[in-house]
Amino acid sequence: MDQRSVRDILAGKTYFIRTFGCQMNQHDSERVSGLLDSYGCLMALDPAHADIVVFMTCCVREAADTRLYGQCNSCKSLPPSPSGKRVVAVGGCIAQRDGEGLLTNVDNVNVIFGTHSIAHVAELIAEAFLDGKRHIRTNEHEDTDAMSMPWHRETQYHAWVPIMTGCNNFCSYCIVPYVRGRERSREPREIIREIENFVADGVVEVMLLGQNVNSYGKNLEQPMTFAALLREAEKVEGLKRIRFMTSHPKDLSDELIEVMKESKKICPHFHLPLQSGSSAILKKMNRHYTKERYLELVRKLRAALPDISLTTDIIVGFPGETEEDFLETMEVVKEVQYDSAFTFIYSKRTGTPAAVMENQIPDDVVKDRFDRLLAEVQEISRERCARFEGQTMDVLVEDVNDHDPSLVTGRLTNNLLVHFKGTEDLIGKIVDVHLDECRGFYYMGTMISK
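One numbering rule holds for all chains: residues counted from 1, following each sequence as written. Reporting in this predicted model follows two pLDDT cut-offs: at least 70 for local features of residues, and 80 or more for side-chain atom pairs to be given and counted; totals over whole chains, interfaces and linings ignore these cut-offs and use all residues. Each side-chain value is derived from all of the structure's non-hydrogen atoms; neither hydrogens nor water enter the calculation.

### Brief notes about helix α9 (residues 254–262)
- Whether a residue is buried, partly exposed or exposed follows from its accessible area with a 1.4 Å probe, protein chains only, as a fraction of its type maximum: under 20%, in between, or over 50%, in that order. Every helix listed is a DSSP run of H or I at least four residues long, and every strand listed is a run of E at least two residues long, numbered separately from the N terminus. Looking at α9, one finds that the buried residues are Leu256, Ile257, Val259 and Met260. Each buried residue of α9 lies within a common arc of 160 degrees when the element is viewed along its axis, so the set occupies one face.
- Two residues form a contact once any of their heavy atoms are found within 4.5 Å. Where the residues of α9 are buried, they touch α8 (226–234), β11 (241–245), β12 (269–271) and α11 (291–304). This arc is built from the directions going out from the helix axis to the C-beta atoms.

And the structure:
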C-alpha cells in the first residue's frame with residue numbers, strides 16, 4: 001500500500017499505546033507514535049477514546065504473556081471507538097517470538113508486528129481498517145531501518161538514543177537475542193548528529209540505549225569503542241547529562257571507567273547486572289565472568305568515582321541454585337552496597353537452554369530466597385540513599401508531583417528522586433536543590449535561588 005493511501009485511511013484516527021518492558025521498548029513506542037503522527041493520527045490518553053490500540057510487549061518473563069492476553073481481552077469491553085471501528089495491534093518481543101500463537105490465543109488482535117517490522121506498522125494498520133482481516137509481519141530482517149523513522153518524544157528535555165540493537169551474548173535464561181537479533185551498531189556520526197538535533201530542540205539529557213552498550217562498535221566497518229563514542233557525545237554543546245543502559249560486566253573496560261572519571265556530563269550512575277553472586281551459577285547462565293571479576297570491576301568503579309550510584313539486576317531461583325549459591329549472592333549484595341537492585345524470580349522461557357535444565361527450584365524455596373534478598377536490598381538502599389542528606393545538588397526537574405501539585409519532582413545525576421516546592425515552568429530545567437530530608441528512597445528538598 002502506498003503512503004498516500006495509508007494517509008487517506010489513517011488521517012484523523014486516534015491512537016493509544018501501552019508499553020511493557022525495557023527502555024528499548026519505550027523508544028520503539030515513541031517511533032510507532034511518531035510514525036502514526038506523520039500519517040495524521042492523533043494521540044488519545046485512554047484506550048476507550050482510541051480507534052487504534054497498540055501494545056508494545058516484552059517477553060523476558062512469563063507474566064508478560066498473561067498480562068498481554070488480559071490487556072487484549074479488556075479491549076473487547078471498551079465502548080465504540082470514535083470512528084466506529086477499532087484496530088488492536090501487538091508489537092515488540094512477544095509479537096516477534098510468538099506472532100502466529102497470538103493469532104490463535106487472542107481473537108480480537110488485528111495486527112501483529114515484530115521487533116524488526118516497526119517501520120511497517122502504519123501500513124499494516126491501514127490494511128486492517130480497509131479489509132477487516134488480520135495482518136502479521138514478523139520478518140527477522142527488514143530493509144527499512146526503524147532508526148530512520150520519525151518519533152514522538154514523551155518529554156522535551158530527555159531523549160532515548162539507541163546506539164545499537166540486538167545482543168550476541170546468549171545468556172542461557174534470556175530470550176532477547178532470539179527476538180531482537182544479533183548485535184548491530186549504528187554509525188557514530190549518525191548518533192552524534194541525532195544528539196545534536198535533540199539538543200537544538202531543547203533536550204538537555206540523553207539516554208544511550210543498547211542491550212549491551214559496552215560492546216558498541218565492534219561490528220562497524222571502522223570499529224569504535226563505547227568509551228570513544230561517549231567522548232564524542234561529551235563534545236555536543238548544550239548537552240548537560242549523558243546516561244546509558246545496559247552494561248554487561250564481561251565487556252566493561254578500563255577505558256570506559258577512565259572516560260567516566262574525566263567526564264563533566266556522564267552521570268555517575270552505573271547499572272551493572274550481577275544476576276548471581278555464585279561463579280558456578282554464572283557459568284550455567286553463560287555470563288562469561290566470575291564473582292571475583294565482578295567485584296574487581298566494582299572496586300575499579302568506586303576507586304575512580306567514589307560517589308557513584310551502582311544498581312543491578314539479580315535473578316533468584318535459577319535452575320540448580322543451591323542455598324550456598326544463594327548465600328554467595330547475598331554476600332555480594334552486602335559487599336557492593338547497591339543503591340538499588342531489580343530482583344527477579346527466575347522465569348522459564350521456552351527456547352532458551354535454561355528452560356530444559358535439570359534441578360528447577362521449587363516455588364516455595366524460590367519465594368523464601370526472593371523475600372530474604374529483597375529485604376536485604378531494600379535496607380541497604382535506604383542507607384545508601386541517605387548519604388547525601390544536607391548537601392546541595394543539581395536536579396533535573398521532570399514533572400509536577402503526582403500527589404501534591406505544589407511540588408515538582410526531579411532527578412539527581414545519580415538517579416535519585418527529589419521532591420520540592422516549584423512550578424510547572426521548571427520542567428526541563430536543572431536547578432540547585434538542598435536535600436533536606438531522606439525519606440527512604442527519595443528526598444524532600446528546597447530549591448536554592450540564584
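Alright, that's what it looks like, and here's the rest.
### Some remarks on the pattern of salt bridges
- A pair is scored as a salt bridge if a Lys or Arg side-chain nitrogen falls within 4 Å of a carboxyl oxygen belonging to Asp or Glu. Tallied over the full model, the rule gives 26 salt bridges.
- Lys76 is paired through a salt bridge with Asp107; the nearest N and O atoms lie 2.9 Å apart. Placement of the pair is Lys76 in the loop between α3 (63–74) and β4 (87–92) and Asp107 in the loop between α4 (93–105) and β5 (111–113), with a sequence separation of 31 residues.
- For Glu205, the salt bridge identified is with Arg243, shortest N-O distance 3.0 Å. Of this pair, Glu205 sits in strand β10 (residues 205–209) while Arg243 sits in strand β11, and the two are 38 residues apart along the sequence.
- When its relative accessible area of 5% is taken as the criterion, Arg243 is described as buried.
- Because the salt bridges share partners, they merge into one network encompassing Glu321, Glu323, Asp368, Arg369 and Arg372.

### A short note on the sheet that holds β11
- In space, the three strands of this open sheet follow the order β7-β10-β11, with parallel pairing throughout. The sheet terminates laterally at β7 (158–162) and β11, the two strands that pair on one side only. In this sheet, adjacent strand axes meet at a mean angle of 25 degrees when their direction is disregarded.
- Bridging between β7 and β10 involves five bridges; their strand directions are parallel. Its bridge partner being in β10, Val161 is matched across the sheet by Leu208. If DSSP finds at least two bridges between two strands, the strands pair. Angles run from 0 to 180 degrees between N-to-C directions of axes, and those axes are lines fitted to C-alpha atoms, restricted for helices to the stretch in contact.

### Some words on the pairing of strand β13 (residues 309–316)
- By the criterion of burial, β13 is predominantly enclosed, with eight of the eight residues buried.
- Burial along β13 is two-sided: the face carrying Ser309, Thr311, Asp313 and Ile315 and the face carrying Leu310, Thr312, Ile314 and Val316 are both buried.
- Alignment of β12 against β13, held across three bridges, turns out to be parallel. Bridge pairing in β13 links Phe270 to Leu310.
- Pairing between β13 and strand β14 (residues 340–345): six bridges, direction parallel. Residue pairing across strands places Ile314 opposite Thr343, the latter belonging to β14.

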